[in-house]
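Overview (structure and organization)
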Amino acid sequence: MKIAIVTGVAGGIGKASALLLARKGYTVVGMGRRPLFDRTDFDRAGIVYVQGDLSVAEDRSRLLEQACSMGEIGVLVNVAGVAPKQRLDLLEMTEESYDYVMGINTKGTLFLTQAVANEMIRRGKGGSIVNISSCSAYTSSVNRGEYCISKAGVSMITKLFADRLSSEGITVNEVCPGIIATEMTAGVKEKYDRLIADGLVPLGRWGTPDDVAKAVVALCDGTFGYTTGASLIVDGGMHIRSL
Ligand SMILES: NC(=O)c1ccc[n+]([C@@H]2O[C@H](COP(=O)([O-])OP(=O)(O)OC[C@H]3O[C@@H](n4cnc5c(N)ncnc54)[C@H](OP(=O)(O)O)[C@@H]3O)[C@@H](O)[C@H]2O)c1
């Protein structure tokens, strides 16, 4: 059985990615922090849910053990991530918030990737790793600097592992979403509605979790077999500079 590990599986992008991977024939083992009360979609798709905290080493080990007990890990999709609990100006950012965001987005992603990569190498059959970073990896937002730093870190994690794992037949790429309609952006919906209406996004709409999931799956399933260390921007053209 070909196993795909997906973190952040209860959230918008994670769930869409997990469901699409399941539809493509992967057995998905997903991790999320919250207790999952409604398992209907997951049960229907055969997705196994491991409740745990990506920033905690024992929880990452538990996730890996669960996946290994079910078969060979072919895919890791690092989706789990958090925004700062409070948006504060860079000059007011707290160490507590920095540690919280970096501990999940960057450190958790780094050490889960390390553990899964070692397992893939041990099995010797290659694999695909996809990281969800963000347009914030290369765009300054001075009221959530710790998030931008954490996602720039994810971009470097992508390049480092792509470099290190290329000789093992493992590709590592990242998807950089723009503005996607999920729980993470629900609190700033009106602001982004306005910006999109004013032309911030050339394609003129919010992105959906499925927009991102399709890119994730294409980077996992061999479609981009000669691509590693790359960034795929899924932002409706928001990164285009125009005069
Ligand atoms: N939405 C956007 O516009 C956008 C844009 C660019 C990049 N992204 C990135 O896309 C990824 C997915 O975000 P989303 O938009 O789908 O938001 P979301 O719906 O809030 O999903 C985030 C997921 O991450 C999980 N998570 C958070 N901390 C965790 C931890 N310590 N351990 C395990 N799981 C944890 C959450 O689980 P719980 O809810 O159970 O805590 C949730 O399932 C994030 O990395 C985010 O930074 C989002």
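What counts, and at which threshold
Residues numbered from 1 in each chain as written. Predicted model: local features only at pLDDT ≥ 70, side-chain atom pairs only at ≥ 80, totals over all residues. Heavy atoms only, no water. Buried < 20%, exposed > 50% of the residue type's maximum accessible area, 1.4 Å probe, protein only. Helix = DSSP H or I, 4+ residues; strand = E, 2+ residues; numbered from the N terminus. Pairing = 2+ DSSP bridges. Right-handed = clockwise from strand over helix to strand, strands pointing away. Axes fitted to C-alpha atoms, helices over the stretch in contact; angles between N-to-C directions. Parallel < 35°, antiparallel > 145°, perpendicular 65-115°, else oblique. Left-handed = near helix turned anticlockwise from the far one by under 90°. Contact = heavy atoms within 4.5 Å. Nonpolar A, V, L, I, M, F, W, Y, C, P; charged D, E, K, R; others polar.

Counting buried positions along strand β6 (residues 170-177) gives 8 out of 8 residues, so the element sits mostly inside the fold. Here β6 shows no split at all, with Ile170, Val172, Glu174 and Cys176 on one side and Thr171, Asn173, Val175 and Pro177 on the other all buried. The sheet contact formed by strand β5 (residues 127-132) and β6 spans 6 bridges and is parallel. Looking across to β6, one finds that Ile132 is bridged to Val175. Taking the sense of rotation as the criterion, the β-α-β connection linking β5, helix α5 (residues 145-165) and β6 turns out right-handed. As paired elements, β6 and strand β7 (residues 231-234) share 4 bridges and run parallel to each other. From the neighbouring strand, Val175 faces β7, where its bridge partner is Leu232.

Relative orientation and spacing of two packed helices are given, respectively, by the angle between their axes and the distance between those axes. Where helix α3 (residues 57-70) meets helix α4 (residues 95-123), the closest approach of the two axes is 10 Å, and the angle between their N-to-C directions is 30 degrees. The angle between α3 and α4 falls in the class roughly parallel. Regarding α3 and α4, the two cross each other, and that crossing is right-handed. For the pair formed by α3 and α4, the contact residues are Arg60, Leu63, Leu64 and Cys68 on the first element and Gly108, Phe111, Leu112, Ala115, Val116, Glu119 and Arg123 on the second. Of the residues contributing to the contact of α3 with α4, the split by class is 7 nonpolar, 1 polar and 3 charged.

One open sheet holds the 7 strands; their spatial order is β3-β2-β1-β4-β5-β6-β7, and the pairing between them is parallel. Across the chains shown, the open sheet's two edge strands, defined by having one partner strand only, are β3 (48-51) and β7. Going from strand to strand, the sheet's axes swing by 20 degrees on average, the running direction of each strand aside. Two strands pair when backbone bridges link them, and strand β2 (residues 27-32) and β3 are joined in this way by 4 bridges, in the parallel orientation. Paired with Met31 across the strands is Val50, a residue of β3. Strands in contact with α3 are β1 (2-7), β2, β3 and β4 (72-78); relative to β2, the strand with the most contacts, it is inclined by about 170 degrees. Contacts between α4 and the sheet are confined to β1, β4, β5 and β6, with β4 contributing the most and set at about 160 degrees to the helix.

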